Each structure stands twice: as structure tokens, then as C-alpha cells.
Amino acid sequence: MYFAIVGRWSLSNFQHFFLPQIPLFFVFYDFVSSSPGRPAGSPTRYEPRFGGNVMMGLFGNNNEQLPERRGVVSGFFKSLGKTEYGSRAVRRGRRLGRSTRKRFSCLFLTIATSFLLYLAVFGLKVNFYDIIGDSTSVSEVQEHLVSRDQRPPTSKHRRKQHFPCDVEFAESVAYLVEPGGFMNVTQFSLEFIEHEEKESETDLYMPRFGGHQTLEEREISFYATNQKLHCGFIKGPPGYPSTGFDLDEKDVAYMKTCKVAVSSCIFGSSDFLRRPTSKQISEYSKKNVCFVMFVDKQTLSKLSSEGNIPDDKGYIGLWKIVVVRNLPYEDMRRTGKVPKFLSHRLFPSARYSIWLDSKMRLQVDPMLIIEYFLWRKKSEYAISNHYDRHCVWEEVQQNKRLNKYNHTAIDEQFAFYQSDGLVKFDPSDISSGLPSYVPEGSFIVRAHTPMSNLFSCLWFNEVDRFTSRDQLSFAYTYLKLRRTNQGTPFNLNMFKDCERRSLAKLFRHRILSPTNIDP
């Protein structure tokens, strides 16, 4: 007789359906066709069937099976000799077969089943904690499943894995004090163009959110001096339609009160709502930091259908939901650059702001981030370098290889930058002032100083004029600003990508959007 147990537990299926799928197959095979003690040539009642005739030997009271098995045991001990000890051994064997065999098999099955159930419960607990942390929502569980299903197929050429590194944050927010004189940096006055007038009645004029900046105005805007420049939110003459990014007056009034702001955006239902890890945010930051998520109507409707409904004050968790109407650009990526770069315009009273892409969930207190990347580093602007590419030439080729944008538009922008002095990144050139010419712009920490605000306006104007791929214009904007204002410092901290990964958990987008090819 052979006794086999085949158990299968599929962890991936278990995660997908949230219920343990543990089919257990118990197959018993009985290969006994004849046995000692049965006369040769006598008919045998053995009939092969599912489950086997062993079941009769284990659990039944069949009078033909048990004697046959006893005969096997008796024959074995007869070969050793008929002794007193041998007889006792035979009797013990008989008692074991009669009294405990059924109990032993039941105990074995019970232990095996309990062990599999323990693994199932343990796996469920681990994976649920990885998905939701300390805040649970249906959309976040769905997000985990969608991102898992959208993983690219495995191949020989796998993408490099990048991991977070340790960042020595302060132990507590309670003892943080802004360094004296931190804001005593380059001082000048910036004003922003609010309206543009039509030059003549014959002009085919249409107001634009970014305005109609001439090349001469663009050149002057790079000087760190008192000036009035284009920086979004530009309206046309009376009678013309709004240029976009319209906000409710109550939301505008709320954002004017913010001293420290953390912001993100979701337009076109491109992402799930990812709430900051609440247990990692101090009570001080919960009371004094504004967490603002900009969305459009489509995204708000999608979030509501997933159970993320704002409360009476417009909050979903820590996020204050601000609805943007009349989006200024058809390209959602370009529209997302408005809150990303122009936080000083949206939060005019704020001293500091943090931007994170919607594919990230904040898991570090914002005040600890400001203390480490700005105060401790004596910086006005902090952004990480790219995890893989460091030269704009490489970034251009990658954008064209993946069809991220119209190739002709990329070539025109790149040719313009080269003609204005952009050169390849040289890591040995200490005069460049940057460890990389390509940023990973998903996380930005800013002090709202004049130089920081000017750089943000200049970078936005490049995105408005050329392509929405902001990695292509970062190095050019920074280098031209430095070259135009020699002797005027702009304290930019370009930190390691592994440090960025320690600030927030990265997710995949809700939907793998189609290739963005502009006409």
C-alpha cells in the first residue's frame, strides 16, 4: 500500500482573489493483488477504483482485508523465529493496526490542513499590510491588483532594480527650528503678468494660459533682478474666454492661508488616490501643513465611484481635494506642470512647498523633509537626479525611442538649446554645478525665495513654449540662469535618487496611457 497526499496552494491566485485557494487531493493507491495467506489461484476481490481498497483497510471493518495484512506482519516475524519477544512484537503490531491507524491518519490530515491554513492566513496578513499600510480603501486594493496585472512580461533584458537608501532625518518634528537667516538669500522683486492686451484689431489673437512671450521677453526674464515676467495664469482682454485652471473662490481663499504646502494632482483619471501614510505624519504637520490634491471633474467622479468621496469640508484623509475646471491644455501632462512648477502662484503666502507625483505615496513627515533637504543643506530648491540617465543627449534619445513626444518637436527644442550653449554632461567638470543634467522630477522640495520662484517660472515657460517633457529643459534652464547671473548664487540641491525613493512609495499608473504623440 502506498499513501500519498498532494496539496497545492497558489499564492498569486490567493492574492488576486483574497481567499485561499487550497484544493487538497487525497489519492490512495492499493497495489495489493495477492497476499501471503491466500491460496494460489484463488479469486481476488481487488478492483482498482478511485480511493483504492486501502480505505477499507484503514477505516472500514472489512474482515477480508485485515487478516490479509496481519498475515504479512506475522510472516515477517516468523522469519525471525518464534520467540516470546517475537510474539509480543506481533501482538503489538496487531494492536497498532487495529486501534491507532485510523487515529494516526486523521491526526496527520489535521496537522497538514492546519499548516496550510496557517500559511494562507500569514500570507494574507503580509500582503494586505504591504498594500494598504495603515489606511484602507477599495481603490488601493484594486490599485495593487491592476499594477500587478500590468507588470511587463519577464524577458532576458530586465530593467535595473533601484532601491532606497538611508536618510538621516531628525528624530522628531517637535524640536525643529528654522535656521536663523535662512531666508537671507538673493533678494529682488518679482511681479507676474496677469493680463495681455491685443496688439491690434487685425491680429488673430487668442489668449493663452502661458501668454505670448516673445524671444526678447524670454531673454530678459532670465535676469535675477526686479522684473515683471510671464509665469502662467495670464488672462486675455475683457470679453475673451478664460485661459483655464479655474478654481473655486473658497479653495483660493484656503490656499492663501497655507504657510507650508504639500501638493499633487490627478487629471484625466490617470491614477488612484494615494493618501499619505498617516502614522508617519506628526500631529504638528497635520494641523499646520496644507495637503492639496488638484483634480478635474472626471477624476473626482472616478474617485467617488471607488469609494473616495470628499467629506463636508472637501477632505479625503489628509488630502484637501481642489477641483480644477477648464483645464488650460489638452495634454494632461502639460496641465500637470501648472501645480508642479507654480506652487508659489497657487500658494502665495507659503514659505515652503513639496511636490510629489500622483504615482507616489508620501511616507515621511514634510517638516522632516524640509529640514533635511533645505535647512541642513542650505538650499533653496531640492530635486533628485535621474536613476539611470545623466546627460540630456541620452534623455532625448530615450524620449524618441519610446515615442514620448513628437520627434520633430523634440529635435527643434534640442537644436535650439544647443545653439544657445547647451553641451553634453561631463561628470569631471566641477564648474557645471550639477551631478546630473537629467532630473527625476517626481519629488521637489522648495523654499519660496526669489531665485527659487524665478527658476520655477523659467522652467514652466520652457515647458509651455516647447515640449511637455520637463527633463529636456531642466539643465538648460538652470545653466542659462547661472550664466546670466554670474556671482548671484542659486542654491540648488540635486540629491541622490535613492534618497527620493526613501521619501515615498512608488506605484504604477492606473492605466498604461497610450503613446503621447502630439500633432
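Going by the annotation in an unreviewed UniProt entry, the name recorded for the protein chain is Probable hexosyltransferase MUCI70 isoform X1, with Cucumis melo given as the source organism.

A. Molecular detail of the sheet that holds strand S8 (residues 319–323). Sheet architecture is open: eight strands sit in the order S7-S8-S6-S5-S9-S12-S11-S13, paired in mixed fashion. Each edge of the open sheet carries a strand with a single partner, namely strand S7 (315–316) and strand S13 (492–495). As judged from the four bridges shared by strand S6 (residues 289–295) and S8, these two strands associate in the parallel manner. Within S8, the residue paired with Phe294 across the bridge is Val322.

B. Expanded view of the state of the cysteines. As enumerated under the stated definition, the model contains three disulfides in all. With its sulfur 2.2 Å from that of its partner, Cys165 forms a disulfide with Cys498. Given an S-S torsion of about 70 degrees, the disulfide between Cys165 and Cys498 has right-handed geometry. Highlighted residues: Cys165 in the loop between helix H5 (138–149) and strand S3 (190–192) and Cys498 in helix H18 (residues 497–503), separated in sequence by 333 residues. Disulfide partners in the protein chain, listed by the sequence order of the bonded cysteines, are 1-6, 2-5, 3-4.

C. Main features of helix H15 (residues 407–419). For H15, built from 13 residues, the straight-helix expectation of 18 Å at 1.5 Å per residue is met to within 8% by its first-to-last C-alpha distance of 18 Å. By the burial criterion, the buried members of H15 are Ile410, Gln413, Phe414 and Tyr417. Projection of H15 onto a plane perpendicular to its axis shows the buried side chains occupying an angular sector of 95 degrees, all on one side. Along H15, exposed side chains directed more than 90 degrees from the buried face belong to Glu412 and Ser419. Contacts made by the buried residues of H15 are with helix H6 (215–221), helix H14 (392–401), helix H16 (450–465) and helix H17 (471–484).

D. Expanded view of the pairing of strand S12 (residues 439–447). Most of S12 is tucked away, with nine of its nine residues classed as buried. Alignment of strand S11 (residues 381–385) against S12, held across five bridges, turns out to be antiparallel. Looking at the pairing, Tyr381 lines up with Arg446 of S12.

E. Spatial organisation of the side chain of Ser384. Counting through the fold element by element, Ser384 comes out in strand S11. Given the relative accessible area of 0%, Ser384 is considered buried. Setting aside its immediate chain neighbours within four residues, Ser384 contacts Pro439, Glu440, Phe443, Met494, Phe495, Lys496, Asp497 and Arg500.

F. Focus on the packing of H14 against H17. Running from amino to carboxyl end, H14 crosses H17 at an angle of 160 degrees, the nearest separation of the two axes being 9 Å. Considered as vectors, H14 and H17 are oriented roughly antiparallel to each other. Handedness of the H14/H17 crossing: left-handed. Each of Val392, Glu395, Val396 and Asn399 in H14 lies in contact with H17, whose residues at this interface are Gln471, Leu472 and Ala475. Here the contact of H14 with H17 is built from residues that sort into four nonpolar, two polar and one charged.

G. Summary view of the packing of aromatic side chains. Summed over the entire model, instances satisfying the criterion amount to 30 aromatic pairs. Geometrically, the ring pair formed by Phe209 and Phe245 is tilted, given 6.4 Å between the ring centres and 45 degrees between the ring planes. In this pair, Phe209 sits in the loop between S3 and H6 while Phe245 sits in the loop between strand S4 (227–229) and helix H7 (249–256), placing the two residues 36 residues apart along the sequence. This pair shows no difference in class: Phe209 is buried, exactly as Phe245 is. Ring centres of Tyr381 and Phe490 lie 6.2 Å apart, and the angle between their planes is 65 degrees; this geometry places the pair in the edge-to-face category. Of this pair, Tyr381 sits in strand S11 while Phe490 sits in the loop between H17 and S13, and the two are 109 residues apart along the sequence. For the residue pair Tyr381 and Phe490, the accessibility class agrees, reading buried in each case.

H. Layout of H14. Taken together, the buried positions of H14 are occupied by Val392, Glu395, Val396, Gln398 and Asn399. The buried residues of H14 occupy an angular sector of 165 degrees when projected down its axis, which confines them to one face. At its buried positions, H14 is contacted by H15 and H17. Of the residues trailing H14, Asn403 is marked for its positive phi of about 55 degrees.

What counts as what
- Residues numbered from 1 in each chain as written.
- Predicted model: local features only at pLDDT ≥ 70, side-chain atom pairs only at ≥ 80, totals over all residues.
- Heavy atoms only, no water.
- Pairing = 2+ DSSP bridges.
- Helix = DSSP H or I, 4+ residues; strand = E, 2+ residues; numbered from the N terminus.
- Disulfide = S-S within 2.5 Å.
- Expected span 1.5 Å × (residues − 1).
- Buried < 20%, exposed > 50% of the residue type's maximum accessible area, 1.4 Å probe, protein only.
- Arc of directions from axis to C-beta.
- Contact = heavy atoms within 4.5 Å.
- Axes fitted to C-alpha atoms, helices over the stretch in contact; angles between N-to-C directions.
- Parallel < 35°, antiparallel > 145°, perpendicular 65-115°, else oblique.
- Left-handed = near helix turned anticlockwise from the far one by under 90°.
- Nonpolar A, V, L, I, M, F, W, Y, C, P; charged D, E, K, R; others polar.
- Phe/Tyr/Trp six-rings, centres within 6.5 Å; stacked < 30°, edge-to-face > 60°.

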